[in-house]
Amino acid sequence: MSAPAAVASAKTWLRRRAAVIGSIVATTSPDMVLTLDDGPDPDQTPQVLEVLAAHDATATFFVLLTRARRHPDLLRAMVAAGHEVALHGPDHRPLTEFGFAAARERTVAARRELEQLAGVRVRWFRPPYGSQTPLTWLATRRAGLMPVMWTATTWDWREARHEERLAKALAGARPGGILLAHDGFAGLEDAADDGPPALADRAGLLGEVLDRYHEAGLRGRSLGEALHGGRAVRAAVFSVKQL
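Residues numbered from 1 in each chain as written. Predicted model: local features only at pLDDT ≥ 70, side-chain atom pairs only at ≥ 80, totals over all residues. Heavy atoms only, no water.

Draft legend 1. The arrangement of the nonpolar core in detail. Among the nonpolar cores identified, the biggest contains 38 residues, and Leu52, Phe61, Leu114, Leu179 and Tyr213 are the most heavily contacted of them. With six residues, helix H9 (residues 202–215) is the largest single contributor of residues to this core. Setting aside residues no more than four positions away along its own chain, Tyr213 makes contact with Met32, Leu34, Ala152, Ala169, Leu170, Ala173, Leu179 and Leu218. Counting ten residues, the second largest nonpolar core, distinct from the first, contains Ala86, Trp124, Val148 and Leu223. (Core = buried A, V, L, I, M, F, W, Y, C linked by side-chain atoms within 4.5 Å. Buried < 20%, exposed > 50% of the residue type's maximum accessible area, 1.4 Å probe, protein only. Helix = DSSP H or I, 4+ residues; strand = E, 2+ residues; numbered from the N terminus. Contact = heavy atoms within 4.5 Å.)

Okay, structure coming up:
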């Protein structure tokens, strides 16, 4: 079999088995799923919570354990406001830097500690940078978590004009879509070295995005809440590229 034919065959195999081995990439709900990564942050998370409350929206917060340990009060505030706490990692290192056993063990330990801090069950995992291989996917599933990707993003972690960020968030907006936004920025204390944070009013941007979603007939909901009115759509998404 030629190399192109082998690649095509592998893609077909993955598509057919996506319902079994895939990550969540959307839902069949009429709502837009809101997800926020890299928090909690003592400055930005409270502002984001205010914006969500003002828009009668709920969200899934993919938190870093490095930050959750420092700000357990913000975890409790998320839960008290009706939001969902999920795991982004013990820190911001991609799981692709670890072998299977280490990836599974560190994810299991992080999940258990986060559940103790938040006082709720943790079901979802967002791979740092979206970096995932079949091996790290399996390690995540063996840790009792389901990986969750996205269809739209606010570009609030990178330098961009406000209009560009807004357009990016709206480009992937559709019923069942998943928005990637941030209520923090991973730094050296989170084992990330991505340079200084972008100049962005994350809470203000999220508020404007939610206004536009409302105009389009889309409500912002956490993943768990969206799944009450629909089912998860899964696809085999494997990449080690930083997005």
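Draft legend 2. View of unusual backbone geometry. Going from Gly39 to Pro40, the amide bond is cis rather than trans, its omega being 0 degrees. By the secondary structure assignment, Pro40 is in the loop between strand E2 (32–37) and helix H3 (44–54). Even without being glycine, Asp56 reaches a positive phi, approximately 50 degrees. Residue position: Asp56 is located in the loop between H3 and strand E3 (60–64). In this model, Tyr129 sits at a positive phi of 65 degrees, which is unusual for a non-glycine residue. The topology assignment puts Tyr129 in the loop between strand E5 (124–125) and helix H7 (134–142). Judged by relative accessible area, which is 16%, Tyr129 ranks as buried.

Draft legend 3. Layout of H7. Taken together, the buried positions of H7 are occupied by Thr136, Trp137, Ala139 and Thr140. Axial view of H7: buried residues confined to an arc of 160 degrees, hence all on one face. Exposed residues on H7 whose side chains face more than 90 degrees from its buried face are Pro134 and Arg142. Within two residues after H7, Gly144 carries a phi angle of roughly 85 degrees, on the positive side. (Arc of directions from axis to C-beta.)

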